[in-house]
Amino acid sequence: MRVQAAASPDRGQRLRRAAVALGLLAAVVAWADPARIGSVLLQADPGWLLAGLLCSALANAASAWRWRDLAAWLGHAVPLRWAVATYFRGVAANVVLPGAVVGGDVLRAWGLHRHGMPVLEAGVSVVLDRLSGLWGLLILGALALGAGMWGAAVGGWRSIVDGLGWVSAGTVTALAVLAAAAMVALPCGALYATPWLERQWAALRRPALRWWHHLAHHNPGRHCFLQIGGSLLVQAASVTTLYCAAQAIGAPLPWGSLAVAAVPIFVFATLPVGFGGWGTREAAAMVALGPLGLDTAAAVAVSVLYGLYPVAQSVFALVPTAARQPDAPGGGA
């Protein structure tokens, strides 16, 4: 009886999240005109749709590689095939489980733990993997915004900046480049400073932070480079997926424009509200793509196509993983 009582609130919370997600998605679709959205989707170009699917699969495969490197940095090496298969199982879980990306993340952390990684490090690997992806998205968006101020790469964003009047394109470029540089330097600098900080504050050496200690003392420069580089690759492929979706419906938006718009779209898609980002992603797409000239129906259609790509990739969750292999000495770090 106690087990059932404990499970009931969780079930109720999942149902509430599902209701909120479906309600939000229904409201967005109703606002954008369902008939218009359907018409846009039915006319989508098959070639661009296939290109988008391939780019989306590339983004997830690169994410799996990045996660594998992070696990090795934390002291636990896993086969690449296992990491890719497990990551795509997480993608499939995100499609059907409420809570945006949370369901797939729990599955990945559990998979690492069953593979022999301690619970703390397994959970940390997934959290840091998500943060690494967000960090790469912000860096890419900042660079695209800064570079595009001097050309047509960001389209509507330059018009908005010019319309503000109190800030120049040069100022935006400088701030964007500085922000990108700071985001690259901050994690690497924090890791290199950790040995000194640990000598000053004993609290930093407590067991709950052993994972940070491991990161700081096992090739932090090399792995920082791999994580940031991997995240930039992942986000570039994801933006290209969005670009292909826009091209498919006949909206040839500049890639740089979408790299900036992708920041709110992708961030809102990760909010633990619904299924696989549905609803929150479409709402963000209407707001972020409007300045680029897309009407609400076209913006929602682009977002819907982007959301359907993970559904199509769920089949990769059926790929069997290799048999468990012993960890490499030192965890590959």
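Here the structure is shown first, and the text comes after it.
Since the structure is predicted, the reported quantities are computational estimates derived from the model, not experimental observations.

A few points about the overall build of the chain
For the chain, the count of helices and strands is 13 helices and zero strands. Seen in sequence order, the chain has helices and strands lined up from the N terminus as α-α-α-α-α-α-α-α-α-α-α-α-α. Counting all 333 residues of the chain, 47% fall into the buried class. The long-range fraction of contacts in the chain, counting pairs at least 24 apart against all pairs at least 6 apart in sequence, stands at 74%. Only carbon and sulfur atoms are counted for the fraction: they give 71% of the accessible area of the chain, which is about 15700 Å².

Some points on the packing of aromatic side chains
Applying the stated rule across the entire model yields five aromatic pairs. Ring plane angle 80° and centroid distance 6.0 Å describe the contact between Trp 48 and Tyr 243, whose orientation is recorded as edge-to-face. Within this pair, whereas Trp 48 is found in helix α3 (residues 46-73), its partner Tyr 243 is found in helix α10 (residues 220-248), the two being separated by 195 residues in sequence. These aromatic residues form a ring-pair network of at least three members: Trp 67, Trp 82 and Tyr 87. Over the ring of Trp 67 we find Arg 108; its NZ or CZ atom is 4.8 Å from the centre of that ring. Across from the ring centre of Trp 278, 4.5 Å away, lies the NZ or CZ of Arg 281, which sits over that ring.

Observations regarding the packing of α3 against helix α6 (residues 119-148)
Running from N to C, α3 and α6 point in directions that differ by 130°, and their axes come no closer than 10 Å. Comparing the axis directions of α3 and α6 gives the class oblique. Pair α3 / α6 crosses with right-handed handedness. Only Ser 125, Val 126, Leu 128, Asp 129, Ser 132 and Gly 133 of α6 make contact with α3, whose side of the interface consists of Ser 63, Arg 66, Trp 67 and Leu 70.

A closer look at the pattern of salt bridges
Taken as a whole, this structure holds seven salt bridges when the rule is applied. Across the pair Arg 36 and Asp 295 runs a salt bridge, and its minimum N-O distance is 3.7 Å. Here Arg 36 is found in helix α2 (residues 34-42), whereas its partner Asp 295 is found in the loop between α12 (280-289) and α13 (296-313), with 259 residues between them in sequence. Overall, the relative accessible area of 37% leaves Arg 36 in the partly exposed class.

Considerations on the nonpolar core
One broad trend across soluble globular proteins is that nonpolar side chains are buried collectively. Counting residues in each nonpolar core, the largest one holds 33 residues, and the members touching the most others are Ile 265 and Leu 289. Contributions of two or more residues to this core are made by α6, α10, α11 (255-269), α12 and α13. Of the residues forming this core, the biggest block, eight residues, is contributed by α11. In this structure, Val 91, Ile 139, Cys 188 and Leu 191 belong to the second largest nonpolar core, which totals 29 residues.

Examining a nonpolar patch on the surface
There is a patch of nonpolar side chains on the surface, built from Val 127, Leu 131 and Leu 134 and spanning about 250 Å² of accessible area. With respect to the helices and strands, the residue Leu 134 is situated in helix α6. Judged by relative accessible area, which is 34%, Leu 134 ranks as partly exposed.

Section: the layout of surface pockets
When its volume is computed, the second largest pocket comes out at roughly 400 Å³. What lines the second largest pocket is a set of 18 residues, among which Leu 128, Leu 131, Ser 132, Trp 135 and Pro 187 lie closest to the centre. Those elements that provide at least two residues to the lining of the second largest pocket are α3, α6, α8 (169-200), α9 (210-216) and α10. Residue contributions to the lining of the second largest pocket peak at six residues, all from α6. Class assignment of the residues belonging to the lining of the second largest pocket gives a composition of 14 nonpolar, four polar and no charged.

A closer look at α11
End to end, α11 covers 20 Å across 15 residues, agreeing with the expected 21 Å (1.5 Å per residue, within 8%). Remark: the principal bend of α11, roughly 40°, maps to Ala 262, with a proline, Pro 264, within the next four residues. Across the 15 residues that make up α11, a large majority, 11, are buried. Here α11 has its buried residues at Gly 256, Ser 257, Leu 258, Ala 259, Val 260, Ala 261, Ala 262, Val 263, Ile 265, Phe 266 and Ala 269.

Points about the packing of α6 against α10
Interhelical geometry of α6 versus α10 gives an angle of 70° and a closest axis separation of 8 Å. Relative to α10, α6 is oriented roughly perpendicular. Once α6 is placed against α10, the crossing between them reads as right-handed. Counting all contacts with α6, which are made through Ser 132, Gly 133, Gly 136, Leu 137, Ile 139 and Leu 140, the residues of α10 involved are Gln 227, Ile 228, Ser 231, Leu 232, Gln 235, Ala 236 and Val 239. Looking at side-chain class alone, the contact of α6 with α10 contains seven nonpolar, six polar and no charged residues.

Procedures and definitions
- Residues numbered from 1 in each chain as written.
- Predicted model: local features only at pLDDT ≥ 70, side-chain atom pairs only at ≥ 80, totals over all residues.
- Heavy atoms only, no water.
- Helix = DSSP H or I, 4+ residues; strand = E, 2+ residues; numbered from the N terminus.
- Buried < 20%, exposed > 50% of the residue type's maximum accessible area, 1.4 Å probe, protein only.
- Contact = heavy atoms within 4.5 Å.
- Areas by Shrake-Rupley, 256 points an atom, 1.4 Å probe, with all protein chains shown as cover.
- Phe/Tyr/Trp six-rings, centres within 6.5 Å; stacked < 30°, edge-to-face > 60°.
- Lys NZ or Arg CZ within 6 Å of the ring centre and 35° of its normal.
- Axes fitted to C-alpha atoms, helices over the stretch in contact; angles between N-to-C directions.
- Parallel < 35°, antiparallel > 145°, perpendicular 65-115°, else oblique.
- Left-handed = near helix turned anticlockwise from the far one by under 90°.
- Salt bridge = Lys/Arg side-chain N within 4 Å of Asp/Glu carboxyl O.
- Core = buried A, V, L, I, M, F, W, Y, C linked by side-chain atoms within 4.5 Å.
- Patch = residues over 30% accessible without salt bridge, like charges linked within 9 Å, V, L, I, M, F, W, Y side chains within 5 Å.
- 1 Å grid on protein atoms, 1.4 Å probe; cavity = no way out; pocket = protein on both sides within 12 Å on 5 of 7 lines; lining within 4 Å.
- Points joined across faces, edges and corners; volume = space filled by probe spheres on them.
- Nonpolar A, V, L, I, M, F, W, Y, C, P; charged D, E, K, R; others polar.
- Expected span 1.5 Å × (residues − 1).
- Bend = angle between axes of the 7 residues up to and from the residue.

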